[in-house]
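Residues per chain, in single letters:
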Amino acid sequence: MTAPADEAPGWGRRQLLVVVVAVVLVVVSVGVGVAYAVHGAVASSTTPTAVAVAVEELPSGQARRDAIAAAPMLDVAPQDARGGTPATSPAPRIVVSPAASLGPADVPTGFDRTPEGAVGQLAAIATTVLQGVSIERTRAVYEQWSAPGAPVVDEWALMAAVQAFLASDAGRYVDEPGTSVVTVPAAAQVKGSDGDDWVVACVLLDVTATVVTEARAAYGHCERLQWADDRWVVAAGEAPETAPSTWPGTDLAGAAGWRTWTTKE
């Protein structure tokens, strides 16, 4: 940034902060599509618990995978991503191994062939995209990290998030010194799995956007992932139900199923 916000024509510091907060909330709330019907045995279920029980009764295969992806998650309000009262009891932990190497499109990789490994890979993909804040970079990442039959990149939630930032008033500062988006995994959950090579993984990212001033929000994101060519990639099929974006460490985050992110030593 070459000049203080208060000196920029038409841009007061307070006004710019409001813009940044709005941009972060767009990133938090954006998704690809809305909830769709759960297939087969879970079509009439109305709660996440009922859906989980019904899904477990389905045999391995496409119907089971579609049901896991479409199962509802806790409905939360936009303000729940911006803060909340810390829970008195700590949430359960999920232990994720660190990346072992750098993969295609400079995305960290080398995660285990486990549900926790899928969580780690999804976090690496999401942080690479959101911190890059670039249409070209996002497209390159998706091309290298999606399987045949996966939704097209134009329908990807992370692409929509990048587009929302760039289309906002704050987006014109993206190439200015001092402008940045930093994402840190705060929590995660495994929504469901089918065998040892298919998972719906979800991550809750602590997003800090800086455009002269700073704003933070939580961003929940889920993907179907499959093990292919010795790594986890975005799998074929409709995008999963939108993950709840809740402030990490709150009772609401625990109710949404989020487990505190812990890196394996």
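Because the structure is predicted, anything quoted here is derived from the model rather than measured.

Let us now look at the environment of Lys-191. Here Lys-191 shows up in strand S4 (residues 180–193). Separated by 31 residues in sequence, Lys-191 and Cys-222 have C-alpha atoms that sit 8.5 Å apart. What Lys-191 contacts, discounting residues up to four positions off in sequence, is Ile-68, Ala-69, Ala-70, Ala-71, Met-73, Val-200, Cys-202 and Glu-241. A polar contact of 3.0 Å, which involves the side chain of Lys-191, links it to the backbone oxygen of Ala-69.

Let us look at the side chain of Asp-206. Following the sequence through the fold, Asp-206 ends up in strand S5 (residues 198–211). Setting aside residues up to four positions removed in sequence, Asp-206 forms contacts with Val-182, Thr-183, Val-184, Ala-186, Arg-216 and Ala-217.

A few words now on the packing of aromatic side chains. The final tally for this structure, using the stated rule, is two aromatic pairs. When the centroid spacing of 4.5 Å and the interplanar angle of 40 degrees are considered together, the rings of Tyr-142 and Trp-156 count as tilted. On the criterion of sequence distance, the pair formed by Tyr-142 in helix H5 (residues 135–144) and Trp-156 in the loop between H5 and helix H6 (157–167) is long-range, its members being 14 residues apart. Residue classification places Tyr-142 among the buried residues on the basis of a relative accessible area of 6%. Taking relative accessible area as the criterion, Trp-156 reaches 4% and is therefore assigned buried.

Conventions adopted
- Residues numbered from 1 in each chain as written.
- Predicted model: local features only at pLDDT ≥ 70, side-chain atom pairs only at ≥ 80, totals over all residues.
- Heavy atoms only, no water.
- Helix = DSSP H or I, 4+ residues; strand = E, 2+ residues; numbered from the N terminus.
- Contact = heavy atoms within 4.5 Å.
- Polar contact = N/O pair within 3.5 Å; in protein donor to acceptor, adjacent residues only side chain to side chain.
- Phe/Tyr/Trp six-rings, centres within 6.5 Å; stacked < 30°, edge-to-face > 60°.
- Buried < 20%, exposed > 50% of the residue type's maximum accessible area, 1.4 Å probe, protein only.

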